[in-house]
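Commentary on secondary and tertiary structure
What follows is each chain in one-letter form.
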Amino acid sequence: MKDDNVETGLMDALDARREYKYGFTTDIESDSFAKGLSEDVVRAISAKKEEPDWLLQFRLDAYRKWTQMPQPDWAQLKIEPIDFNAISYYSSPKSKKKLGSLEDVPQEIRETFDKLGIPLEEQKRISNVAVDAVFDSVSVATTHKRRLLEAGVIFCSISEAVREYPELVKKYLGSVVPPGDNFYAALNSAVFSDGSFVYVPPNTIPPMELSTYFRINTEGTGQFERTLIICAEKSQVSYIEGCTAPQFDTNQLHAAIVELVAMDDASIKYSTVQNWYPGDPETGKGGIYNFVVKRGKCAGKNSKISWTQIETGSAITWKYPSCILQGDGSVGEFYSVALTTGRQQADTGTKMIHIGKNTRSLIIAKGIAADRSSNAYRGLVKMTPGASGARNYTQCDSLLIGGRSSAHTFPYIEGGNPTAQVEHEASTSKINEEQLFYLQQRGVSREQAISAVINGFCKEVFNHLPMEFSVEARKLLSLKLENSVA
Amino acid sequence: MLEIKGLQVALNGTQILKGVSLTVGRGEIHSVMGPNGSGKSTLSKALAGHPSLEIISGSILFDGKNLLEMTPEERARAGLFLGYQYPVEIPGLGNSEFLRMAYNAKRIAEGKEELDAMEFEDILDEKMGLLGMDGKFRERGVNEGFSGGEKKKNEILQMAVLDPKLAILDEIDSGLDIDALRVVAEGVNSLMTKDKSLILITHYQRLLDYIRPDYVHVLSDGRIVKSGGPELAHSLEVEGYDGLAAGAVR
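Residues numbered from 1 in each chain as written. Chains lettered and ligands numbered in written order. Predicted model: local features only at pLDDT ≥ 70, side-chain atom pairs only at ≥ 80, totals over all residues.

When its secondary structure is counted, chain A shows 12 helices and 22 strands. Its C-alpha atoms give chain A principal-axis dimensions of about 70 × 60 × 45 Å. In chain A, which comprises 486 residues, the share counted as buried stands at 56%. Long-range pairs, those at least 24 residues apart, make up 83% of the contacts in chain A between residues at least 6 apart in sequence. (Helix = DSSP H or I, 4+ residues; strand = E, 2+ residues; numbered from the N terminus. Buried ≥ 20, exposed ≤ 12 C-beta atoms within 10 Å, placed from the backbone. Contact = placed C-beta atoms within 7 Å.)

The next point concerns the overall build of chain B. Scanning chain B from terminus to terminus reveals eight helices and 12 strands. Relative to the compact-globule value of 18 Å for 250 residues, chain B shows a C-alpha radius of gyration of 18 Å, a close match. Its C-alpha atoms give chain B principal-axis dimensions of about 60 × 40 × 35 Å. Expressed as a percentage of its 250 residues, the buried residues of chain B come to 45%. Put simply, of all contacts in chain B between residues at least 6 apart along the chain, 69% involve residues at least 24 apart. (Rg over C-alpha atoms; globule rule 2.2 N^0.38 Å.)

Contact residues are listed per partner, giving 22 residues for chain B and 21 residues for chain A. The set of elements that each furnish at least two residues to the side of chain B that touches chain A consists of helix 2 (72-77), strand 7 (90-94), helix 3 (95-109) and helix 6 (148-162) of chain B. Considered class by class, the residues forming the side of chain B that touches chain A number 13 nonpolar, six polar and three charged. (Nonpolar A, V, L, I, M, F, W, Y, C, P; charged D, E, K, R; others polar.)

Turning next to the nonpolar core. All names here are of chain A. Of all hydrophobic cores here, the largest spans 206 residues; its most connected members are Val-198, Cys-231 and Ala-262. Sort the elements by how many residues they give to this core and strand 10 (residues 251-262) lands first, with eight residues. When near neighbours in sequence (up to four residues on either side) are disregarded, Cys-231 contacts Val-200, Val-237, Val-261, Ala-262, Met-263, Ala-266 and Ile-268. (Core = buried A, V, L, I, M, F, W, Y, C linked by C-beta atoms within 7 Å.)

Unlike most non-glycine residues, A:Asn203 shows phi in positive territory, near 55 degrees. Structurally, the position occupied by A:Asn203 is in the loop between strand 6 (196-200) and strand 7 (209-215). For A:Asn203, a count of 13 C-beta atoms within 10 Å corresponds to the partly exposed category. You will see that B:Glu171, though not glycine, has its phi angle at about 45 degrees, which is positive.

Residue and element names in this part refer to chain A. For strand 7, a buried count of seven out of seven residues is recorded, marking the element as mostly surrounded by other parts of the structure. What you see with strand 7 is no split at all: Glu-209, Ser-211, Tyr-213 and Arg-215 on one side and Leu-210, Thr-212 and Phe-214 on the other are buried throughout. Across seven bridges, the pairing between strand 3 (residues 129-135) and strand 7 is parallel. Bridging from a neighbouring strand, Val-129 pairs with Glu-209 of strand 7. Note that strand 7 and strand 9 (residues 236-244) share six bridges and pair parallel. From the neighbouring strand, Leu-210 faces strand 9, where its bridge partner is Tyr-239. (Pairing = 2+ DSSP bridges.)

With respect to the helices, strands and loops of the structure, A:Glu80 is situated in the loop between helix 3 (53-67) and strand 2 (91-93). Each C-alpha atom, one on A:Glu80 and one on A:Ser157, is 33 Å from the other, the two residues being 77 residues apart in sequence.

Residue and element names in this part refer to chain A. Mapping Ile-324 onto the fold places it in strand 15 (residues 322-325). With 24 C-beta atoms counted inside 10 Å, the residue Ile-324 sits in the buried group. Linking Ile-324 and His-354, residues 30 residues apart in sequence, is a C-alpha distance of 6.5 Å. Contact partners of Ile-324, with chain neighbours within four places excluded, come to Arg-295, Lys-297, Cys-298, Ile-353 and Ile-355.

Turning our eyes to something else, we now look at the packing of helix 3 of chain A against helix 8 (residues 183-191) of chain A. All names here are of chain A. Remark: helix 3 packs on helix 8, axes separated minimally by 7 Å, with the N-to-C direction vectors making an angle of 145 degrees. When you trace helix 3 past helix 8, the crossing you get is left-handed. Residues Phe-58, Arg-59, Ala-62, Tyr-63, Lys-65 and Trp-66 of helix 3 pack against Phe-183, Ala-186, Leu-187, Ser-189 and Ala-190 of helix 8. The residue inventory of the contact of helix 3 with helix 8, partitioned by class, reads eight nonpolar, one polar and two charged. (Axes fitted to C-alpha atoms, helices over the stretch in contact; angles between N-to-C directions. Left-handed = near helix turned anticlockwise from the far one by under 90°.)

Glancing now at the pairing of strand 17 (residues 345-354) of chain A. Residues and elements named next belong to chain A. With 10 of 10 residues buried, strand 17 lies mostly within the body of the structure. Residues of strand 17 alternate between two faces, with Gln-345, Asp-347, Gly-349, Lys-351 and Ile-353 on one and Ala-346, Thr-348, Thr-350, Met-352 and His-354 on the opposite face, all of them buried. The pairing of strand 14 (residues 316-319) with strand 17 spans four bridges and is classified as parallel. The partner of Lys-319 across the bridge, within strand 17, is Thr-348. Here three bridges tie strand 15 to strand 17, and the two strands are oriented parallel to one another. Bridge assignment links Cys-323 to a residue of strand 17, and that residue is Met-352. Where strand 17 meets strand 19 (residues 374-383), 10 bridges bridge the pair, whose relative direction is parallel.

Residue and element names in this part refer to chain B. Between its first and last C-alpha atoms helix 6 spans 21 Å; for 15 residues at 1.5 Å apiece the expected length is 21 Å, and the two agree. Among the 15 residues that make up helix 6, 12 are buried, leaving the element largely enclosed by the rest of the structure. Among the residues making up helix 6, those that are buried are Lys-151, Lys-152, Lys-153, Asn-154, Glu-155, Ile-156, Leu-157, Gln-158, Met-159, Ala-160, Val-161 and Leu-162. Those residues of helix 6 hidden inside the fold are in contact with strand 6 (80-83), helix 3, helix 4 (117-130), helix 5 (136-139), strand 9 (166-170) and helix 7 (178-191). Remark: Asp-163 follows helix 6 within two positions and exhibits a positive phi of approximately 50 degrees. (Expected span 1.5 Å × (residues − 1).)

Turning our attention to the environment of B:Val20. Its location among the elements puts B:Val20 in strand 2 (residues 14-24). What B:Val20 contacts, discounting residues up to four positions off in sequence, is B:Ile4, B:Leu7, B:Leu43, B:Arg223 and B:Ile224.

All names here are of chain B. In spatial order, the strands read 6-9-10-3-11-12; together these six strands make up an open sheet with mixed pairing. Each edge of the open sheet is held by one strand with a lone partner, namely strand 6 and strand 12 (223-228). Within the sheet, the average angular offset between the axes of one strand and its neighbour, ignoring direction, is 20 degrees.

Attention now goes to helix 9 (residues 433-441) of chain A. Within an α-helix, residues lying three or four positions from one another point in the same direction, as the helix has 3.6 residues per turn. By the criterion of burial, helix 9 of chain A is predominantly enclosed, with seven of the nine residues buried. For helix 9 of chain A, the complete set of buried residues consists of A:Gln435, A:Leu436, A:Phe437, A:Tyr438, A:Leu439, A:Gln440 and A:Gln441. Summarising the contacts, the buried residues of helix 9 of chain A are in contact with helix 10 (446-457) of chain A together with helix 1 (40-48), helix 2, strand 6 and strand 7 of chain B. One or two steps after helix 9 of chain A, the chain reaches A:Gly443, where phi turns positive at roughly 100 degrees.

In structure tokens:
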């Protein structure tokens, strides 16, 4: 190896991570809609779910808005035109019994989640995490529901919430991301099929972490899920989402909406480890198109919303988890690691909209681009005229591996209040051969050295993940960047 | 311990070492001195296996093994340590985590079990105590924001933890004031035993007042032009490198 030049050596070290270990397909009969999107399809989804009329009207309104909107093309992404009529908008595993109950999950799906490391049996779970398991278009099970309810915490699929807690859903659905907000928000609002719902009552901290695991299985389907989390006065919740999908040659669309609402003195921590199938690393064929709208509203004073995301998968990632800092003294945070390898493209960042007085936001974004991938940070910090004494600090760091990857930073700052302060720092560097050699000279293997340098680069972000997920995230990054030395 | 024969090395197509031969026995301290650009740092990097260097010809035996066939990490695990003139910063990687990673890499190579964080802390405590270092070295990123003197102390701490058979210290004295120099030198002396060998690479004689070499070699334009005992370092102080190199050519 010693006569290899720097780039080749690194590329070799990166080679064997090519295998995507979640690329398997579950063989289960599914009940899928024919491909195509129309008002009838929207009605059919609503009918399938036996929804109340107000929700059907919500969907139809969104659908009409969507048909009037152009597909956005401002991102630093090269995307083949998406044929929205080539996608099936609903697919659920066939089951004799009604899905959603833990006891009745079909064996194949149970095995799938076991294989993904997310066993649905409550006693097997790490006892302090509850899971809502979403398979294609439906939530198949939610664990620890009862224990959470005893604490007053509602955690269920959004379909169940529509049935059981219609007033809450009606009040907050679309209150943070209106149906006409943007192209993908309108699409999701029209066709969303399932997702998770959380309500934490005042003065409550759930006895465990909550999570949703998203699995896309059926080829040719899209996944359009919707998550709504409401955290009432003086409450706290920590929520985690994970995602994987099988390896197909065709692209699959994932267009989700996540809405968070935090009341006075409430705090929501939302963490994502995204590992959708990234497509073939050589040809770029296949992979998930990940267009996600995530937004939180700090509605109450001194409320806090903190986004942490580890983005490692998807052929295309287009997402900007944002905070509307409406309550005085509210705090928004965004911690992000976006890793792109092969032919992946990511355009991701955040928006911090300061409305209330003395609101604060912190943005720490780390982009790592390897191979022929493209990695962009795009962020907006907006200080509205009422945001007296507001402060933002942004730090964006990019790390390039190999000579053919690219990193971009697009910070937008809109200042509307003279007493508000905005600070921005950015850096771009290449992975440093001297750092690797230094570690190797101390006996550390080259692969472990790469992993150590990259984990060091991402440390500020990893520190904000819940403990066991921090370990997972480090492993995932190492796996994606390491050669498994035989 | 170490036997270098006719070593010729190039960097980016320019030949830097033009035939260096040097033998270092067990328990011996050698000093390689020379002006800037004479090839001192290239020699130390060639021993450690830096990937930017091209070995044109020559051989290096370390403990009977062909060093040139070994990767940098294999050389390190076999007991070769390079103390850096300019130690590298690795932001975010905790110093004690790094030290444990290096320590365990060596243990695995020796067929021993890895130590967990708790077990390693005891070893680290002992070594830091030995070198009189305070706790801040433990959790900060590797050399991150360290002063010049702290970085050099951290190199010696790594040497203490890894307990190498042969340490090559490249200008460990540069950038240190006299007090820091004394601390670093005392640290090195405390680690030396009759089984350990040391190569001190330095521009100045003053380091040799603190660590006494058995042999001194003068490197000039990629060749060792003169070798002798400790007295050679003193005559260098008087004559300077130019006079000495000129004398050797004549």
